[in-house]
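Working through the structure, step by step
Chain residues, written in single-letter form:
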Amino acid sequence: MTLDEVKIIQLPKILDERGNLSFFENEKHIPFAIRRSYWIYDVPGGEVRGGHAYKTLQEFIVALSGSFDVVLNDGKEAKTFTLNRSYFGLYVPKQIWRHMENFSTNSLALIVADKAYDANDYIRDYDSFVKNKN
Ligand code: TYD
């Protein structure tokens, strides 16, 4: 996988004077079926999350509140995606190194994934990630 497979996806936005509503559905708005959801919150200023890739896992990341940066790297180049609207999400295919940083106060990151949690699916050594990619 390369950064070409990464996608910012604009989600439906139902504007309403009572408050807006956005949503996504398996395979219609995101390119996989959801098996797991998790969220990252109460991140102290300056902290960095992630710092790994997944062998097989695909994810979709939405900033439900606040903002943060997702830095993706395919072993050749790196790109930073700033998420700061709840109606945009970032699709991250398997085998892309990532970390998340610059979390704003009270930011809330929702991540949906196509598989259950599996520690064996993590690639935590950056050098072997790059070696495998090339
Ligand atoms: P990790 O994925 O390493 O966090 P990050 O990449 O954001 O820094 O996960 C941190 C801890 O949480 C680790 O002990 C595994 C556990 N965890 C689960 O049990 N289930 C999950 O769905 C996730 C994402 C993590």
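Residues numbered from 1 in each chain as written. Predicted model: local features only at pLDDT ≥ 70, side-chain atom pairs only at ≥ 80, totals over all residues. Heavy atoms only, no water.

**Focus: the sheet that holds strand β10 (residues 97-101)**
A sheet is described by the order of its strands in space; here five strands give the open sequence β8-β7-β10-β5-β12, paired in antiparallel fashion. Both outer strands of the open sheet, β8 (78-83) and β12 (122-123), are each paired with one neighbouring strand and no more. (Pairing = 2+ DSSP bridges. Helix = DSSP H or I, 4+ residues; strand = E, 2+ residues; numbered from the N terminus.)

**Some points on the side chain of Arg36**
One can find Arg36 in strand β4 (residues 36-41). Here Lys115 takes part through its backbone oxygen, which lies 2.9 Å from a polar atom of the side chain of Arg36. Once residues within four sequence positions are removed from consideration, Arg36 is found in contact with Leu57, Ile111, Val112, Ala113, Lys115, Ala116 and Tyr117. (Polar contact = N/O pair within 3.5 Å; in protein donor to acceptor, adjacent residues only side chain to side chain. Contact = heavy atoms within 4.5 Å.)

**Description of the site of the ligand**
Near the ligand the following residues occur: Arg36, Tyr38, Ile40, Arg49, Gly50, His52, Tyr117, Tyr122 and Arg124. Interatomic distance of 3.0 Å between a side-chain N/O atom of Arg124 and an oxygen atom of the ligand. Relative to its unbound accessible area of 530 Å², the ligand is 60% covered by the protein chains. Taken together, the elements giving at least two residues each to the shell around the ligand come down to β4 and β5 (49-54). For the shell around the ligand, the class distribution of residues is four nonpolar, two polar and three charged. (Near = heavy atom within 4 Å. Areas by Shrake-Rupley, 256 points an atom, 1.4 Å probe, with all protein chains shown as cover. Nonpolar A, V, L, I, M, F, W, Y, C, P; charged D, E, K, R; others polar.)

**As for the layout of surface pockets**
Estimates place the volume of the largest pocket at around 200 Å³. In terms of lining residues, the largest pocket is bounded by Arg36, Tyr38, Ile40, Arg49, Gly50, His52, Tyr54, Glu59, Arg98, Met100, Tyr117 and Tyr122. Per-element tally for the lining of the largest pocket: the top contributor is β5, with four residues. In the lining of the largest pocket, the residues fall into six nonpolar, two polar and four charged. (1 Å grid on protein atoms, 1.4 Å probe; cavity = no way out; pocket = protein on both sides within 12 Å on 5 of 7 lines; lining within 4 Å. Points joined across faces, edges and corners; volume = space filled by probe spheres on them.)

**Here's the deal with the packing of aromatic side chains**
Pairs of aromatic rings are described using the distance from one ring centre to the other and the angle between the two planes. Evaluation of the coordinates by the stated rule reveals nine aromatic pairs. Judged by centre distance (5.1 Å) and plane angle (75°), the rings of Trp97 and Tyr126 are edge-to-face. Within this pair, whereas Trp97 is found in strand β10, its partner Tyr126 is found in helix α1 (residues 126-133), the two being separated by 29 residues in sequence. Assessed through its relative accessible area of 32%, Tyr126 is described here as partly exposed. Ring centres of Tyr126 and Phe129 lie 6.1 Å apart, and the angle between their planes is 35°; this geometry places the pair in the tilted category. Taken together, the residues Tyr126 and Phe129, both in helix α1 and three residues apart, mark about one turn of the helix. Feature note: the residues Tyr54, Tyr117 and Tyr122 constitute an aromatic cluster, connected by ring pairs. (Phe/Tyr/Trp six-rings, centres within 6.5 Å; stacked < 30°, edge-to-face > 60°. Buried < 20%, exposed > 50% of the residue type's maximum accessible area, 1.4 Å probe, protein only.)

**Side note on the pairing of strand β11 (residues 108-113)**
With respect to burial, β11 is a largely interior element, five of its six residues being buried. Note: β4 against β11, six bridges, orientation antiparallel. Within β11, the position partnered with Trp39 by the bridge is Leu110. Across six bridges, the pairing between strand β6 (residues 59-65) and β11 is antiparallel. Paired with Ala63 across the strands is Ala109, a residue of β11.

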